[in-house]
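If you want the building blocks of each chain, they are given just below.
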Amino acid sequence: MHINKYTILIALIPFLVDSHLVPSWASYLIVIALALMSIRNYEPFQHNGLVCGYILIVVTSVFRLQQYSVDMVKDVGLMAIGILPFLAKNNLKVEARGLNLLLMAGFMFLVGTRFMSFSLSIKTFIGSHFGIEMGAYTYTLGLFAVYWMVRDYKRWAILNLVLMFLGGKRIAMAAGVVCMLIAFYYRYKDGEVKKLWKWFIAACCVLYLYISWRFAKGAYNDIILEYTEKSADAFALGRQQLFRAVFEITPDPNLWGVGPGNTCEYLQDTVGLKRMHNDILKVYSENGFFISLGFLWFMLRRLNYKQLPLLIFILFVFCTTNTFIYVYMIFMYVLFLEADQYIYIGEMSGETNMYIRMLQDKEKVKLRRQK
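Think of each chain on its own: its residues are numbered from 1, step by step along the sequence as written. Owing to the predicted nature of the model, reporting of local features is limited to residues with pLDDT of at least 70; listing and counting of side-chain atom pairs is limited to 80 or more, with chain, interface and lining totals taken over all residues. Side-chain numbers here rest on the full set of heavy atoms in the structure, without hydrogens or water.

K.L.:
I'd love a proper account of unusual backbone geometry, names of residues and values included.
P.N.:
With an omega of 0°, the peptide bond running from Asp-252 to Pro-253 counts as cis. Positionally, Pro-253 belongs in the loop between α13 (239-249) and α14 (264-270). A positive phi angle, close to 60°, is found at Glu-229, a residue other than glycine. Structurally, Glu-229 can be placed in the loop between α11 (221-228) and α12 (232-235). Notably, His-277 is not glycine yet its phi reads approximately 60°, a positive angle. Numbering of helices and strands starts at the N terminus; helices are DSSP runs of H or I of at least 4 residues and strands are runs of E of at least 2.

Okay, here's the thing in structure tokens:
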């Protein structure tokens, strides 16, 4: 196990967000610091699908001259900060066990005595009241659980899964179980996933948009009331109103969208909340059909079997949350999706050491030329 400066900084990100000791934007400074400290070679990556998807949204927002707003600048700025450390080749390397243990320690420190109030049952699951709720740690530990299962470290995977359950996020619980099973099944599989998987994921995203539209229209009110004894809006914690409001301002046909962040003001005025808690709908409603399609294409075009369960976990989280513009989660998503580049287990391999030495040698040559 090895803990370096990058490990400590990354472990601080969810702690700063979930502790509420400081404003959550303090985590932005950590992400910016990681970019400044790690980037050594300004040659851009050619294969980072999620980063390319975010770049597509950030760049195209420049041409939305008639849609400029404070909320747009804010949303685009948050996306840009989140991907900043990954825009160019860097020497960001962390050891998996060291990072995981620091994350676990931070999580347990914040949980403290609240651990005794955790109560998981059908009733508390339906009401989403478990006694403990942490967002950044829960999703990050979920990513780590899938990461370990992909690499066939079952004990580490199960430990992270248990801690993730304590985090009290319903979508994370469901996603964790499903993606752990997928990760276990494909733990020995390498290479790019078959096109059937890509089409299936794309179809699921489209289907979820349709389900969101039907849900907003009240199509599932009776069945939800029958099985949960709650109204659809109460069961979804107000999301039915949010989805309905979003579809009201989404253009038809939605080719260009209303602009990143431009649903916020309308939602605040009509529902009293700025965020729609549905990132798949957010991408579509704010960016339109063509950019949404491009974003999805970038994510899927070179998807491999090690990334598959991680991407599915992320898309699960997208279904009911607002993590699409959360700097700390954007950073974690890319870190784990590209884990082969940034995370290693045990001693670094000869290939990794050679890569780091190559970056250092190039930096030395550059400094000599400048002198």
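K.L.:
Now, about the packing of helix α8 (residues 154-166) against helix α9 (residues 170-185): what can you tell me, with residues and values included?
P.N.:
Running from N to C, α8 and α9 cross one another at 170°; their axes reach a closest spacing of 10 Å. As judged from the angle between their axes, α8 and α9 are roughly antiparallel. Seen from above, α8 lies across α9 with left-handed handedness. Of the residues in α9, those touching α8 at Lys-154, Ala-157, Ile-158, Leu-161, Met-164 and Phe-165 are Ala-172, Met-173, Gly-176, Val-177, Met-180 and Phe-184. Only the stretch in contact is used when a helix axis is fitted, and all axes are lines through C-alpha atoms; the angle between N-to-C directions ranges over 0 to 180 degrees. Orientation is classified from the angle alone, with under 35 degrees giving roughly parallel, over 145 giving roughly antiparallel, 65 to 115 giving roughly perpendicular, and any other angle giving oblique. Each crossing gets its handedness from the near helix: less than a right angle anticlockwise from the far helix is left-handed, clockwise is right-handed. Working rule for contacts: check all heavy atoms of both residues, and any pair within 4.5 Å makes them a contact.

K.L.:
Could you give an account of helix α1 (residues 5-19), with specific residues and numbers?
P.N.:
Since the α-helix packs 3.6 residues into each turn, any two residues three or four apart lie on the same face. Multiplying one less than the number of residues by 1.5 Å gives the expected span of a helix. Across its 15 residues, α1 extends 21 Å between first and last C-alpha, which sits within 8% of the 21 Å expected from 1.5 Å per residue. In terms of burial, α1 is a largely internal element, twelve of the 15 residues being buried. Where α1 ends, the next residue or the one after it, His-20, has phi of about 60°, a positive value. Each residue's exposure class comes from its accessible area (1.4 Å probe, protein chains only) as a fraction of the maximum for that residue type: buried when under 20%, exposed when over 50%, partly exposed otherwise.

K.L.:
Account for the packing of aromatic side chains, naming residues and giving values.
P.N.:
Each aromatic ring pair is described using two quantities: the centre-to-centre distance and the angle formed by the ring planes. Each Phe, Tyr or Trp ring (for Trp, its six-membered ring) is paired with any other whose centre lies within 6.5 Å, and the angle between the two planes then decides the class: stacked below 30 degrees, edge-to-face above 60, tilted in between. Applying the stated criterion across every chain yields a total of 25 aromatic pairs. With 6.2 Å between their ring centres and 40° between their planes, Phe-15 and Phe-109 make a pair best called tilted. Of this pair, Phe-15 sits in helix α1 while Phe-109 sits in helix α5 (residues 96-111), placing them 94 residues apart in sequence. Taking the relative accessible area as the measure of exposure, Phe-109 reaches 61% and is therefore exposed. Ring centres 4.9 Å apart and planes at 80° place the aromatic pair Phe-144 and Phe-336 in the edge-to-face group. Note that Phe-144 is positioned in helix α7 (residues 135-150) and Phe-336 in helix α17 (residues 327-337), a separation of 192 residues in sequence. Phe-336 matches Phe-144 in its accessibility class, with the two residues each being buried. Grouped by ring-pair contacts, the aromatic residues Phe-144, Tyr-147, Trp-148, Tyr-153, Trp-156 and Phe-336 constitute a single cluster. Distance and angle both matter: a charge sits over a ring if NZ of Lys or CZ of Arg is within 6 Å of the ring centre and within 35 degrees of the ring normal. If you follow Arg-64 out to its NZ or CZ, it ends over the ring of Trp-256, 4.1 Å from the centre. Over the face of the ring belonging to Phe-184 we find Arg-187, whose NZ or CZ atom lies 3.8 Å from the ring centre.

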